[in-house]
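Secondary and tertiary structure notes
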Amino acid sequence: MQRRSLAVLGSIGTSLLAAATAIVISAPSADAALTSNWYASAPYLMPFDNSPPDPIPVMNATGQKAFQLAFILAPNGGGCTPTWDGTRPVSSDTEAANLISRIRANGGDVSVSIGGYGGTKLGQTCGTPAATAAAYQQVVTKYGLKAIDFDLEEPEYENAAAVHNELGAAQILQRDNPGLYVSVTTAGTASGTGWFGQQMLNDAKGLGFTPANYSIMPFDGGFNGASSQISALEAFHSILMTTFGWSSDVAYAHEGVSMMNGRSDAGEYFRQADFQSVLDYATGHRLARYTYWSVNRDRQCADPNQSTTSGTCSSVPQAAWDFTKYTARFAGATPPTTQPSTPPSTPPGGCTAPAWASGTAYTGGSLVSYNGHTWKAQWWTQGETPGTAGVWLDQGACSGTPSSPPPGGQCTAPAWVATTAYGGGSVVSYNGHKWTAKWWTQGDIPGNNGQGVWTDNGPC
């Protein structure tokens, strides 16, 4: 994946950080950290290259709360100290620190990505896992990180010793920083991942290292559209089961996807509909991560159908931040929307749920009526017509009789159902209490789930 090669396209622009007030940040309090689903959805953002957008308007427009700042590398001149892009020492940085402070002040947070395509990685120069970890610990400490991403690809991808140093460092960071969210990103192929990807997984198994997820990048390898990406994810799912001896559910719970929006380096195209299809797959199979490269590209080019790949726009027709809205949906947010200019029509006779309106954003668990039937949303949706999109579950023809109240006496929220998929913000009743989902969930019992997805709102 030639992501770093795109930096040249934006290098002539002036960084939005250049004029920022210098601030060195301290570690955030525990309350400042986001839930892990946000770090799992964080799209990549280059803060110094590719004409970086101001993330605050992006957050406000999409509901996205976290970003993956890229990339940390070894110094271009050699050495075992962390830098941004090989040129900006972390030790003396104030610009990225200021940006992170602004994101946190707006209710968000960041993960920092190390590696990427090209450049010299610290795993190549530090010599040992311990020395590599010590270099990355400087980054974790400097920015008070709650999440970090190991992006293992060319050229270290083919260097077993360097990859071993990186994985060993990731394991040390995970051990020494309780609660640190650690993701590993690597190349994707039609077979899931290639020989070197399998070698990396084997090394991780030998170390006894299990990150929050292993994510593949199904692009720049003969892909085109969502179906080819989903096929690769299914193949990678099988690889995870075989390599680690995991069940199908456990493998999905440790699998992620990192996509590329619009036109890829290889001339493949991934449009909004492709992102939606992969999102449906990811939420339906409860994947652990859903992200993409990059927010810098999440805007329309001057020529929306240009036949070249850009680091600063997508080369496909789009509204600003279209693709970031999908990562926000994965995390369980409801991106801000404008209300339809005309009120929805009156529900058909007998239907008690509000009539479906194409301009309204619905969260998982929402009920609407359409064509004489009641429909329930499985996750966040807008503009997808009931009966033609998999997000809507048909609850049957309207009878005009309100459904029976759920168990629990005074509870008015719908009863929790193990097979129903709920989006963030969904409210259910269970065991006489009302519960609110923090993010997408299915099968997690309110009050009895290790991920803490349900917030107890008290007795009904």
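As the structure is a prediction and not an experimental result, all values here were calculated from the model. (Residues numbered from 1 in each chain as written. Predicted model: local features only at pLDDT ≥ 70, side-chain atom pairs only at ≥ 80, totals over all residues. Heavy atoms only, no water.)

1. What to know about the packing of helix H3 (residues 55-62) against helix H12 (residues 324-331)
We apply this condition: Interaxial angle, 0 to 180 degrees, is taken between N-to-C directions of lines fitted to C-alpha atoms, where a helix line uses only the stretch in contact. Strands here mean DSSP runs of E at least two residues long; helices mean DSSP runs of H or I at least four residues long; both are numbered from the N terminus. In these notes the angle categories are as follows: under 35 degrees is roughly parallel, over 145 is roughly antiparallel, 65 to 115 is roughly perpendicular, and the rest is oblique. Each crossing gets its handedness from the near helix: less than a right angle anticlockwise from the far helix is left-handed, clockwise is right-handed. In this description, contact between two residues means that some pair of their heavy atoms is separated by no more than 4.5 Å.
For the pair H3 and H12, the least separation of the axes is 10 Å and the interaxial angle reads 60°. One finds that H3 runs oblique with respect to H12. The way H3 lies across H12 gives a crossing that is right-handed. Together, Val58, Ala61 and Thr62 of H3 and Thr324, Lys325 and Ala328 of H12 make up the contact between the two elements.

2. Structural notes on the pattern of salt bridges
What counts, and what does not: Definition used for salt bridges: Asp or Glu carboxyl oxygen within 4 Å of a side-chain nitrogen of Lys or Arg.
Considering all chains together, one arrives at five salt bridges under this definition. In this structure, arginine 88 and glutamate 95 form a salt bridge, with 2.7 Å as the shortest nitrogen-oxygen distance.

3. Notes on the sheet that holds strand S16 (residues 427-430)
Rules: Here the rule is simple: two strands pair whenever DSSP picks up at least two bridges between them.
If you walk across this open sheet you meet the three strands as S16-S17-S18, and the pairing is antiparallel. Of all strands in the sheet, those with a lone pairing partner are S16 and strand S18 (454-459), marking the two edges. Averaged over neighbouring strand pairs, the angle between their axes works out to 30° when direction is ignored. Sheet topology note: the S16/strand S17 (residues 433-437) ladder contains four bridges and is antiparallel. Across the sheet, the residue bridging to serine 429 is lysine 434, located in S17.

4. Focus on the confidence of the model for the chain
Spelled out, the test is: Known as pLDDT, the predictor's per-residue confidence is scaled from 0 to 100.
Of all residues in the chain, 80% have pLDDT values of 70 or greater, and the mean over the chain is 85. Taken as a whole, residues 4-24 scores under 50 in pLDDT and shows 55 contacts with residues more than four places along the chain or in a different chain. Note on residues 400-409: pLDDT under 50 across the span, and 11 contacts to partners over four residues away in sequence or across chains.

5. Focus: the sheet that holds strand S15 (residues 392-397)
With antiparallel pairing, the three strands of this open sheet are ordered in space as S13-S14-S15. The open sheet has two free edges, formed respectively by strand S13 (367-370) and S15, since each of these has just one partner strand. Neighbour-to-neighbour, the strand axes of this sheet turn through a mean angle of 30°, independent of strand direction. By the bridge criterion, four bridges tie S13 to strand S14 (residues 373-377) in an arrangement that is antiparallel. Bridge assignment links valine 368 to a residue of S14, and that residue is tryptophan 375.

6. Observations concerning the packing of aromatic side chains
The geometry of an aromatic ring pair is captured by the separation of the ring centres together with the interplanar angle, meaning the angle of the planes. Under the convention used in this document: Between rings of Phe, Tyr and Trp, where Trp is taken as its six-membered ring, a pair exists when centres lie within 6.5 Å; planes separated by under 30 degrees are stacked, by over 60 edge-to-face, and by other angles tilted. Under the scheme applied here, a residue whose accessible area is under 20% of the maximum for its type counts as buried, over 50% as exposed, and between as partly exposed, the area being computed with a 1.4 Å probe on protein chains only.
Taken as a whole, this structure holds 17 aromatic pairs when the rule is applied. Between tyrosine 290 and phenylalanine 330, the ring centres sit 5.6 Å apart and the planes meet at 20°, which makes this aromatic pair stacked. Of this pair, tyrosine 290 sits in strand S12 (residues 289-293) while phenylalanine 330 sits in helix H12, and the two are 40 residues apart along the sequence. Neither residue differs from the other here; tyrosine 290 and phenylalanine 330 are each classed as buried. Both rings, one in tryptophan 356 and one in tyrosine 370, keep their centres 5.4 Å apart while their planes meet at 85°; by these two values the pair is edge-to-face. A residue pair is termed long-range when its members are at least 10 positions apart, and tryptophan 356 in the loop between H12 and S13 and tyrosine 370 in strand S13 qualify at 14 residues. Judged by relative accessible area, which is 15%, tryptophan 356 ranks as buried. For tyrosine 370, a relative accessible area of 25% corresponds to the partly exposed category. Here a set of aromatic residues connected by ring pairs shows up, and it is made of Phe275, Tyr292, Phe323 and Tyr326.

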